[in-house]
Each structure stands twice: as structure tokens, then as C-alpha cells.
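Residue-level structure breakdown
These are the residues of each chain, in order.
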Amino acid sequence: MLSSVPKIAEHHFNTKEAVVNAAVTAIFALVVWYYNIYTLPTYSRKDIYKGISLTRLMGSLVFGMAVMLLLAFIQQLLISTLSFGPVMLMIEVRGILINLMFYMFLHLLYQNYHNQRVSIELERSKSDNLGAQYELLKQQINPHFLFNSLNTLKTMIEVNDKQSVDFVLKLSEFYRFTLESRKLDLVHLSEELDIISAYMFLLKARFEEGIRMKNDIPARYYDSMIPPFTLQLLIENCVKHNVVSLEEPLEIRLYAEKDYIVIENDLQPKMDPAETSLHVGLNNVHERYIHLLDKDIVVEETDKIFKVKLPVIYEYTDH
């Protein structure tokens, strides 16, 4: 249609010439379009980084000029009254412009498509890497707890403590939960509190009244979700970095504050410099929340209190 505009604008309009001219241009456009598609290379990052291939561009232009020359001869046969020289020159110039436009447009689409493929591959690699890192984070949980528990059990057996059987049962319950939740990203808060109950029994067998925990989390939060062993890891941190004794009992409190589950303890740090915190436990919890929710935990510390606030994770999207 565009190629017919000059003919339509002429004072002596010839319908046959306009139709033949438009048909020649349309046929040429179709042939060149599919030729450029056919000559696109298969997927290769190396080819993408090279940019526009001058060899393919020159090949496409030469092929287009040959096709247009053939079509110009056909047009001359259909309309013998036209002057072949000027007509052929006009058609060839038009063909080169069409060919360049098609080549650049297809090259742009080709680059865009394969750049997206590269981006998808990079995202997949990042996802696999994050998954591997998350598995490592989960494996960091409770590295020393088993050894401490076995030592406590050994002591209880040596003194014929009547609670040693209950201790074994609670310990087995604790590690049964560990095995069941090993492949889970989230568990219900109620399940986490159940395992905290077993864990506190084990700690009390070791420290007696030197450690106390008060749970004031409302029941409406029990159906929310939490990464498994989050609270256990934070309680273990409390024990690790604070004095736990009958003279100075360690108080731990659990409660809810708006959209956070809060674990709070009295701050009574150990004086041994060897126990300087490297924040491994807190970093573990933080990284798991970043991985699962892209949310940060909140850590608040005063002279007397250390507090960790965990974002509430609702099971349903309407929350």
C-alpha cells in the first residue's frame, strides 16, 4: 500500500501499475522476512555477545537485491511501457530499505528473546543457590544440643535420678520432631511450642530452677506459621550467652506484640570472654526469614533485657 502512494499521487493514475507495484513489493517483503527468520542462528550466548553479524546482514542484502531484480524483470514483462532502468533502481533502493528494516527488527527480537533466556537461567541458578544455602542454614540447628543432653542423661543415670526415663522420652520426642520437620520450611506455631515444652523439660533436668519460661502468646496466634526450631534456637542462645544458676535464674518470656512473636530474656551475660557472641544463631534465624518472607527480624537490647521480634507468618493469604 505504501509503495502505491507515489502512483496514486501522480496526475495520470494507472490502476494496473499501482497494483503490480504493490504486489511486487509485498512478495519481496514476504520472501525477505522469512529468509531473515530462516538465517537466524540457533541459541548461543557467544553469538548474542557478538552483536549484529555483518556477514549475515550482507548476505541478506545480496539475497534481497537478487530477488528484487527478478521481480523487477517480472514487472517489466507485465508492464512493458515502463522504463526499466529507473524502475529497477527505485525498486532496488526500496528493497534495501525494507531488508534493513526487517533485519534490524528481527535482530532486536532475537536479542531480547535470548537475553530473557539468559536472565531466566541466572534466576534459576540463584534460586538453586539460595535453596542450597537454606538447607545449610537448617542443618546448623542444634549442633551441640545432643552432646549436652547426653552428658546430662549420663549424670542422671549415675545418680539414679527417677526422671531419667522421662528425660529419654522427651529427648526422643525432640529428635523425632527434628526428623519430621527436617524437610519443612514452616510449621504451625502450636507445633513449635510443643517442641519448646519438651526442650524446656530437658533444660530443667540440667539447670533445675535456674531457668524459667513463661508463655503468654494468645491462642489465636497458634495457627500462624514459623520456621521449625526458631524459638528453640533462640532459647538455646539465651542459655549460651547468659548466666543460668539457682542464684540467678534466667527468665524467658514469650508473647505477641501486634504482628510479631516476641521472645524476651533478662540480660545477665557471662563474664567469660571466650563466650563472646558471634551471632551465629541470630544470623541463622534472620537469613531464614529473609529467604522465606523477605522480612527482617527485629532485635532490641537494653541494659536489662534482650528481645527478638519475629514477624508473624499467616497461613492464608486473606491475612
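Rules and cut-offs
- Residues numbered from 1 in each chain as written.
- Predicted model: local features only at pLDDT ≥ 70, side-chain atom pairs only at ≥ 80, totals over all residues.
- Heavy atoms only, no water.
- Helix = DSSP H or I, 4+ residues; strand = E, 2+ residues; numbered from the N terminus.
- Phe/Tyr/Trp six-rings, centres within 6.5 Å; stacked < 30°, edge-to-face > 60°.
- Buried < 20%, exposed > 50% of the residue type's maximum accessible area, 1.4 Å probe, protein only.
- Lys NZ or Arg CZ within 6 Å of the ring centre and 35° of its normal.
- Polar contact = N/O pair within 3.5 Å; in protein donor to acceptor, adjacent residues only side chain to side chain.
- Expected span 1.5 Å × (residues − 1).
- Axes fitted to C-alpha atoms, helices over the stretch in contact; angles between N-to-C directions.
- Left-handed = near helix turned anticlockwise from the far one by under 90°.
- Contact = heavy atoms within 4.5 Å.
- Nonpolar A, V, L, I, M, F, W, Y, C, P; charged D, E, K, R; others polar.
- Arc of directions from axis to C-beta.
- Patch = residues over 30% accessible without salt bridge, like charges linked within 9 Å, V, L, I, M, F, W, Y side chains within 5 Å.
- Areas by Shrake-Rupley, 256 points an atom, 1.4 Å probe, with all protein chains shown as cover.
- Salt bridge = Lys/Arg side-chain N within 4 Å of Asp/Glu carboxyl O.
- Pairing = 2+ DSSP bridges.

1. Examining unusual backbone geometry
- With a phi close to 55°, E208 is a non-glycine residue in the positive phi region.
- Structurally, E208 is set in the loop between α8 (189–207) and β2 (211–215).
- Residues other than glycine seldom take positive phi values, yet K258 does so here, at roughly 55°.

2. Considering the packing of aromatic side chains
- Taken as a whole and assessed by the stated rule, the structure comprises 3 aromatic pairs.
- Measuring from centroid to centroid gives 5.3 Å for W33 and F102, while their planes differ by 85°, and the two rings are edge-to-face. Linking W33 in helix α2 (residues 15–38) with F102 in helix α5 (residues 84–139), this pair joins segments that are 69 residues apart in sequence.
- A relative accessible area of 25% places W33 in the partly exposed class.
- Counting every residue linked through ring pairs, the aromatic cluster contains W33, F102 and F105.
- In this arrangement the basic side chain of K170 is found over the ring face of F201, its NZ or CZ atom lying 5.9 Å from the centre.

3. Observations concerning the side chain of T230
- Relative to the helices and strands, T230 resides in helix α9 (residues 230–241).
- Relative accessible area serves as the criterion here: at 0%, T230 is assigned to the buried category.
- A polar atom in the side chain of T230 sits 3.4 Å from the side chain of R288.

4. Focus: α9
- With 12 residues, α9 should cover 16 Å at 1.5 Å per step; its first-to-last C-alpha distance of 17 Å lies within 8% of that length.
- Most of α9 is tucked away, with 11 of its 12 residues classed as buried.
- Every buried residue of α9 is accounted for by T230, L231, Q232, L233, L234, I235, E236, N237, C238, V239 and H241.

5. Quick look at the packing of helix α7 (residues 164–180) against α8
- Look at α7 against α8: their axes get within 9 Å of each other, and the N-to-C directions meet at 145°. α8 is crossed by α7, and the crossing has left-handed handedness. For the pair formed by α7 and α8, the contact residues are D166, F167, K170, L171, E173, F174 and F177 on the first element and E191, E192, I195, A198, Y199, F201, L202 and A205 on the second.
- Its residues assigned to classes, the contact of α7 with α8 shows 10 nonpolar, no polar and 5 charged.

6. As for α7
- The end-to-end C-alpha distance of α7, which contains 17 residues, comes to 24 Å, matching closely the 24 Å that a straight helix rising 1.5 Å per residue would cover.
- Residues of α7 that are buried include every one of S164, F167, L171, F174 and F177, and no others. Down the axis, α7 shows its buried residues gathered within 145° of arc, on one side only. Exposed positions of α7 whose direction lies more than 90 degrees from the buried face are V165, L169, L179 and E180.

7. Concerning a nonpolar patch on the surface
- Judged by side-chain polarity, L30, Y34, I37 and L40 come together as a nonpolar surface patch covering roughly 380 Å² of accessible area.
- You can see L30 is positioned in helix α2.
- A relative accessible area of 52% means that L30 is categorised as exposed.

8. What about the pattern of salt bridges?
- Overall, the coordinates contain 10 salt bridges when judged by the stated rule.
- We note a salt bridge from K204 to E209, for which the minimum N-O separation is 3.9 Å.
- Among the residues examined, K204 registers a relative accessible area of 32% and is labelled partly exposed.
- Residue E209 is classed as partly exposed on the basis of its relative accessible area of 47%.
- Here the residues in one salt-bridge network are R253, E257, E264, D266, E300, K307 and K309, joined through shared partners.

9. Observations regarding the sheet that holds strand β6 (residues 298–301)
- Strand order in the open sheet formed by 5 strands is β2-β4-β5-β7-β6, with mixed pairing between adjacent strands. Two strands close off the open sheet at either side, each with one partner strand: β2 and β6. Averaged over neighbouring strand pairs, the angle between their axes works out to 15° when direction is ignored.
- The sheet contact formed by strand β4 (residues 250–257) and strand β5 (residues 260–266) spans 6 bridges and is antiparallel. Directly across from E257, in β5, lies its bridge partner Y260.
- Packing against the sheet, α8 makes contact with β2, β4 and β5, and its axis sits at approximately 160° to β2.
- In the packing of α9 onto the sheet, contacts are made with β2, β4, β5 and β7 (305–311), and the angle to β4 comes to roughly 145°.

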